[in-house]
Amino acid sequence: MGSFSIWHWIIVLLIVLLLFGAGKLPKVMGDLAKGVKSFKAGLQDDSDDAASGANAPGANAKTIPNQPANTADTAAKKDEAVRN
């Protein structure tokens, strides 16, 4: 009772054919295959990047220009400017 028989699969196939039509089914399957291929290519690119060290910590860190590196230094400079 828990597994599908051949009749279950035939009924599912007929319902899919009724929903999409025989003409659209190859296009839908082709689009699905392209999606799977691009997904696999993306996974391959990610693994290549990880192997080359591009995903190392700090590799993609962006610096903000004109921002002080240490807030304690800026607080001291502001205090000096207020005193003067």
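Each value, and the rule that gives it
Residues numbered from 1 in each chain as written. Predicted model: local features only at pLDDT ≥ 70, side-chain atom pairs only at ≥ 80, totals over all residues. Heavy atoms only, no water. Helix = DSSP H or I, 4+ residues; strand = E, 2+ residues; numbered from the N terminus. Buried < 20%, exposed > 50% of the residue type's maximum accessible area, 1.4 Å probe, protein only. Areas by Shrake-Rupley, 256 points an atom, 1.4 Å probe, with all protein chains shown as cover. Expected span 1.5 Å × (residues − 1). Bend = angle between axes of the 7 residues up to and from the residue. UniProt positions renumbered as here; feature names shortened; annotations may be inferred. Patch = residues over 30% accessible without salt bridge, like charges linked within 9 Å, V, L, I, M, F, W, Y side chains within 5 Å. Salt bridge = Lys/Arg side-chain N within 4 Å of Asp/Glu carboxyl O. Lys, Arg positive; Asp, Glu negative; His and termini not counted. Charge placed at Lys NZ, Arg CZ, Asp CG, Glu CD. Phe/Tyr/Trp six-rings, centres within 6.5 Å; stacked < 30°, edge-to-face > 60°.

**Observations concerning the overall build of the protein chain**
Piece 1. In terms of regular secondary structure, the protein chain is built from two helices and zero strands.
Piece 2. By the burial criterion, 2% of the 84 residues in the protein chain qualify as buried.
Piece 3. Per element, the accessible surface of the protein chain, about 7900 Å² overall, is 64% carbon and sulfur.

**Re helix α1 (residues 6–52)**
Piece 1. Here α1 spans only 48 Å end to end across 47 residues, well under the 69 Å set by a 1.5 Å rise per residue.
Piece 2. A bend of about 90° at K24 is the largest found in α1, and the proline P26 appears one to four places after it.

**What about the UniProt feature "transmembrane region" (unreviewed entry) in the protein chain?**
Piece 1. Within this numbering scheme, the UniProt entry marks residues 6–25 as carrying the feature "transmembrane region" (unreviewed entry).
Piece 2. Helix makes up 100% of residues 6–25 and strand 0%, whereas the separation of the span's terminal C-alpha atoms amounts to 21 Å.

**Notes on a negative patch on the surface**
Piece 1. The grouping of D45, D46, D48 and D49 at the surface amounts to a negative patch.
Piece 2. Residue classification places D49 among the partly exposed positions, given a relative accessible area of 36%.

**Focus: the packing of aromatic side chains**
Piece 1. Tallied over the entire structure, the rule returns one aromatic pair.
Piece 2. Taking the centre distance of 5.4 Å and the plane angle of 55° together, the rings of F4 and W9 count as tilted. Just as F4 is exposed, W9 falls in that class too.

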